[in-house]
Amino acid sequence: MDSGSHSGSPLSSSRSSDSEPGQPQADGLVAPVPLLIRTPGISSPVKAILVAAHKPSTRKVYRSKWKRFTIWAEHRRLDPFTAPISSILDFLTSLFHQGASSSTVKVQLAAISYYHVGQESGPLITSKLCKTFLKGTFLLRPPVKEVVPPWDLSLVLQALTGPPFEPAATVDLKFLSWKTAFLVAITSAKRVSELQALCVKPPYLVFHPDRVYLRINPSFLPKVSSEANINQSINLPVFFPNFHNKGEYKLHSLDVHRQLRFYIHRTAGHRQSDQLFISFAKSNFGKPVSKVSLSRWISSCILLAYQSSGRPAPQGVHAHSTRAVATSAAFQARVPTG
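What comes next concerns the included structure. (Residues numbered from 1 in each chain as written. Predicted model: local features only at pLDDT ≥ 70, side-chain atom pairs only at ≥ 80, totals over all residues. Heavy atoms only, no water.)

Looking at the pairing of strand E1 (residues 205-208)
Every regular strand shows the same layout, with side chains that alternate between the two sheet faces. Here is the rule: Should DSSP find at least two bridges between two strands, the strands are regarded as paired. Here a helix means four or more residues in a row that DSSP labels H or I, a strand means two or more in a row labelled E, and each is numbered from the N terminus.
Pairing between E1 and strand E2 (residues 211-215): four bridges, direction antiparallel. Its bridge partner being in E2, Leu-205 is matched across the sheet by Leu-214. Joining the antiparallel neighbours E1 and E2 is a turn of two residues.

With respect to the pattern of salt bridges
Rule in force here: We define a salt bridge as a side-chain nitrogen of Lys or Arg found within 4 Å of a carboxyl oxygen belonging to Asp or Glu. When accessible area is computed with a 1.4 Å probe and restricted to protein chains, residues below 20% of their type maximum are described as buried, those above 50% as exposed, and intermediate ones as partly exposed.
All chains considered together, the criterion is met by four salt bridges. In this structure, the salt-bridge partner of Glu-166 is Arg-258, at a minimum N-O distance of 3.0 Å. Residue Glu-166 is located in the loop between helix H6 (153-160) and helix H7 (173-188), and its partner Arg-258 is located in helix H11 (residues 256-267); the two are separated by 92 residues in the primary sequence. Between Lys-201 and Asp-274 there is a salt bridge, with its nearest N and O atoms 3.6 Å apart. Of this pair, Lys-201 sits in the loop between helix H8 (192-196) and E1 while Asp-274 is found in the loop between H11 and helix H12 (291-308), placing the two residues 73 residues apart along the sequence. Here Lys-201 falls in the partly exposed class, since its relative accessible area comes to 47%. The exposure class assigned to Asp-274 is partly exposed, which follows from its relative accessible area of 40%. Each of the salt bridges in this network shares a partner with another, and the network as a whole consists of Glu-166, Lys-179 and Arg-258.

Comments concerning the sheet that holds E2
Cut-off, in case you're wondering: Fitted lines through C-alpha atoms give the axes, limited to the stretch in contact for helices. The angle between two N-to-C directions lies from 0 to 180 degrees. We call two residues in contact whenever any of their non-hydrogen atoms come within 4.5 Å of each other.
Spatially, the three strands line up as an open sheet ordered E1-E2-E3, and their pairing is antiparallel. Strands with a single pairing partner mark the edges of an open sheet, and in this sheet they are E1 and strand E3 (233-237). Within the sheet, the average angular offset between the axes of one strand and its neighbour, ignoring direction, is 15°. Along the sheet face, H11 touches E1, E2 and E3 and points at about 125° away from the line of E1.

Right, dumping it as structure tokens:
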């Protein structure tokens, strides 16, 4: 197949990377160029703004999905940039029959549409045929979410009031980090990506007598990039600050205000970043923790809570389940979450 059949977007671009469109990749090839910036006469500054309409994480996903499609197309001697819609639907059907969810199929189509030359009527994803196909995948395999997360919030909170999570002043930094991440996640009901974007310094983190104020780094683009979400703030109230007995002190040990103070104090001498959560691993000590690691912290905290309580570990524990548990608990307590 002629790799030069498309100016600026050769078929060799099917090799995915983090390179920007039209720039050399690690393998020396050229990253695929999206359809929207292949219009003749568009200047480089305009192209940069058009590309910025999709977040880097989205473009990375699209490149990965595009690579999968181009491999499929090349094996069938098809040009992925101009492949007919019938062939594209064949590819999507093969994914669906392999068990892909309707949302996965939709993202794959969006990625193909991002690079494909499209039809006279417009991009592939806007065609009536593709919209009908996506509706069909949704009705054939509707997404079903768990009604109740597989773990018990009250059990986990009870476990967090004792060893190995307490006393906060002396426990292993790993357990201190796990508990802090869990408490911030469960009290804020935020996504792991948003937790990762929290900052440790004012004005993004401020302790007040009755609450702790958190603000997500403005350079972070949330999943839903609205003005409200970009400028969102988090206010977490204190919990049992004036305890009078051991029982109330145990409850106070669940105070996220207290927990954050301990965490920030104990990590202060190791920080190499203003990101709130930093790695405790020897190889990356003090460096910003990744979303994957932060997610693992929260899941590990839940599993260790069960273990320390002498209960069998639940199956299918995921960090994002804290959002469902938090909002469910808030609803039962009639606490506003907006």
